[in-house]
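Survey of secondary and tertiary structure
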Amino acid sequence: MGGVPETHSGWTFLTNHARVLASIADNQNIRIRDIAARCRLTERAVQKIISDLEQDGYLTHTRQGRTNEYRIQPGTILRHPADAGLTVSDLLSVLAQHDAERDTTPR
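Residues numbered from 1 in each chain as written. Predicted model: local features only at pLDDT ≥ 70, side-chain atom pairs only at ≥ 80, totals over all residues. Heavy atoms only, no water.

What about the layout of surface pockets?
Of the pockets and cavities examined, the second largest pocket occupies roughly 430 Å³. Lining of the second largest pocket is provided by 15 residues; of these, Thr15, His17, Ala18, Leu78 and Leu91 occupy positions nearest its centre. Elements with a contribution of two residues or more to the lining of the second largest pocket: helix H1 (16–26) and helix H3 (43–55). Of all the elements, H1 adds the most residues to the lining of the second largest pocket, at three residues. Its residues assigned to classes, the lining of the second largest pocket comprises eight nonpolar, three polar and four charged. (1 Å grid on protein atoms, 1.4 Å probe; cavity = no way out; pocket = protein on both sides within 12 Å on 5 of 7 lines; lining within 4 Å. Points joined across faces, edges and corners; volume = space filled by probe spheres on them. Helix = DSSP H or I, 4+ residues; strand = E, 2+ residues; numbered from the N terminus. Nonpolar A, V, L, I, M, F, W, Y, C, P; charged D, E, K, R; others polar.)

Right under this line is the structure:
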């Protein structure tokens, strides 16, 4: 899993912060290395994003031996004014629904 992830040019609908948060929502004990691989980011970028999310109250973590256990704060309101009233839980619910539909749709 080493090396630099493949690059992407252009814009995307989901931010890297949303991708990292969704990865943590799927597994509260996920390693930074695994988040980086899943989101196609560097480990350093993931560490910065986790720090941002913790600073703004979206996420906390506790050390469990050699691993971290992350806890998402589901009632935290999304930051953008256009998303007023929407919570982290609302966002993660939509993303989980999308993943479930994607996993059941034949390709």
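Read on, since the account is not over.
Remarks on the nonpolar core
In this structure, Val20, Ile24, Ile35, Val46 and Ile50 are the most contacted members of the largest nonpolar core, which totals 22 residues. Broken down by secondary-structure element, the contributors of at least two residues to this core are H1, helix H2 (32–39), H3, strand E2 (67–72) and helix H4 (88–104). (Core = buried A, V, L, I, M, F, W, Y, C linked by side-chain atoms within 4.5 Å. Buried < 20%, exposed > 50% of the residue type's maximum accessible area, 1.4 Å probe, protein only.)

Quick word on the confidence of the model for the chain
Of all residues in the chain, 89% have pLDDT values of 70 or greater, and the mean over the chain is 88. When mean pLDDT is taken per element in the chain, H3 scores highest with 98 and H4 scores lowest with 82. (pLDDT = per-residue confidence, 0-100.)

Some remarks on the pairing of E2
Side chains of E2 alternate between two faces, with Asn68, Tyr70 and Ile72 buried and Thr67, Glu69 and Arg71 left unburied. When strand E1 (residues 59–64) meets E2, the two strands line up antiparallel, connected through six bridges. In the sheet register, threonine 60 faces E2, and the bridge partner there is arginine 71. (Pairing = 2+ DSSP bridges.)

Description of the packing of aromatic side chains
By the definition in use, this model includes one aromatic pair. Judged by centre distance (4.8 Å) and plane angle (75°), the ring pair of tryptophan 11 and phenylalanine 13 falls under edge-to-face. (Phe/Tyr/Trp six-rings, centres within 6.5 Å; stacked < 30°, edge-to-face > 60°.)

Describing the packing of H1 against H3
Running from N to C, H1 and H3 point in directions that differ by 85°, and their axes come no closer than 10 Å. Our classification of the angle between H1 and H3 gives roughly perpendicular. Of the residues in H3, those in contact with Asn16, His17, Val20, Leu21 and Ile24 of H1 are Val46, Ile49, Ile50, Asp52 and Leu53. Each residue belonging to the contact of H1 with H3 can be placed in one class, and the counts come to seven nonpolar, two polar and one charged. (Axes fitted to C-alpha atoms, helices over the stretch in contact; angles between N-to-C directions. Parallel < 35°, antiparallel > 145°, perpendicular 65-115°, else oblique. Contact = heavy atoms within 4.5 Å.)

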